[in-house]
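One-letter residues, chain by chain:
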Amino acid sequence: AKALNCSVNELPLSLALSHLEQKAAAVLLTLLHLGVKNIRLGPRLPAYITPNVLKILEEKYNLMPTGDSAKDLQLMMQGS
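Anyway, here's the lowdown on the structure attached to this text.

Rules used throughout
- Residues numbered from 1 in each chain as written.
- Predicted model: local features only at pLDDT ≥ 70, side-chain atom pairs only at ≥ 80, totals over all residues.
- Heavy atoms only, no water.
- Helix = DSSP H or I, 4+ residues; strand = E, 2+ residues; numbered from the N terminus.
- Rg over C-alpha atoms; globule rule 2.2 N^0.38 Å.
- Buried < 20%, exposed > 50% of the residue type's maximum accessible area, 1.4 Å probe, protein only.
- Contact = heavy atoms within 4.5 Å.
- Areas by Shrake-Rupley, 256 points an atom, 1.4 Å probe, with all protein chains shown as cover.
- Pairing = 2+ DSSP bridges.
- Axes fitted to C-alpha atoms, helices over the stretch in contact; angles between N-to-C directions.
- Core = buried A, V, L, I, M, F, W, Y, C linked by side-chain atoms within 4.5 Å.
- Salt bridge = Lys/Arg side-chain N within 4 Å of Asp/Glu carboxyl O.

## Some points on the overall build of the protein chain
Turning to step 1, where the next piece is worked out: When you go through the protein chain residue by residue, the secondary structure sums to three helices and three strands.
Turning to step 2, where the next piece is worked out: Counting helices and strands in the order they occur from the N terminus, the protein chain gives β-α-β-α-β-α.
Turning to step 3, where the next piece is worked out: For a compact globule of 80 residues, the expected C-alpha radius of gyration is about 12 Å, and the protein chain comes in at 13 Å, within 12% of that figure.
Turning to step 4, where the next piece is worked out: Per-residue burial over the protein chain gives 28% buried out of 80 residues.
Turning to step 5, where the next piece is worked out: In the protein chain, 47% of the contacts between residues at least 6 apart in sequence involve partners at least 24 apart.
Turning to step 6, where the next piece is worked out: Carbon and sulfur atoms form 58% of the exposed surface of the protein chain, whose accessible area is close to 5900 Å².

Okay, structure coming up:
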């Protein structure tokens, strides 16, 4: 982002994080610390993301639980 003189959220990329092991928690926390928004997380939300935590993450970072993979991919390709 620095090389392109823009913020990380202005880069044309989509992130879908598979939360299948403990490393994913570190990756998610790092991305949130960097201010990255519009992250899709799944296939199931981890137990530490309670409904209240999810609400905050949705509001502040637009964190989205994954759903139908074909629909998620289509939305990511559209930049949504």
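Resuming the write-up.
## Examining the sheet that holds strand 1 (residues 15-18)
Turning to step 1, where the next piece is worked out: The sheet built from three strands is open, its strands ordered 1-2-3 with parallel pairing. The open sheet terminates on both sides in strands that have one partner only, identified here as strand 1 and strand 3 (64-65).
Turning to step 2, where the next piece is worked out: Helix-sheet contacts for helix 1 (residues 22-33) involve strand 1 and strand 2 (39-42), and the interaxial angle to strand 1 is about 150 degrees.

## Points about the nonpolar core
Turning to step 1, where the next piece is worked out: Grouped together as the largest cluster of nonpolar side chains are 12 residues: Leu 17, Leu 28, Leu 31, Leu 32, Val 36, Ile 39, Leu 41, Ile 49, Leu 54, Leu 57, Tyr 61 and Leu 63.
Turning to step 2, where the next piece is worked out: Broken down by secondary-structure element, the contributors of at least two residues to this core are helix 1, strand 2 and helix 2 (51-61).
Turning to step 3, where the next piece is worked out: Beyond its immediate sequence surroundings of up to four residues, Leu 28 is in contact with Leu 17, Ile 39, Leu 41, Tyr 48, Ile 49 and Leu 63.

## A look at the pattern of salt bridges
Turning to step 1, where the next piece is worked out: Using the criterion set out here, one finds one salt bridge in the structure.
Turning to step 2, where the next piece is worked out: We note a salt bridge from Arg 40 to Asp 72, for which the minimum N-O separation is 3.9 Å. Placement of the pair is Arg 40 in strand 2 and Asp 72 in helix 3 (residues 69-77), with a sequence separation of 32 residues.
Turning to step 3, where the next piece is worked out: In this structure Arg 40 comes out as buried when scored by relative accessible area, which is 4%.

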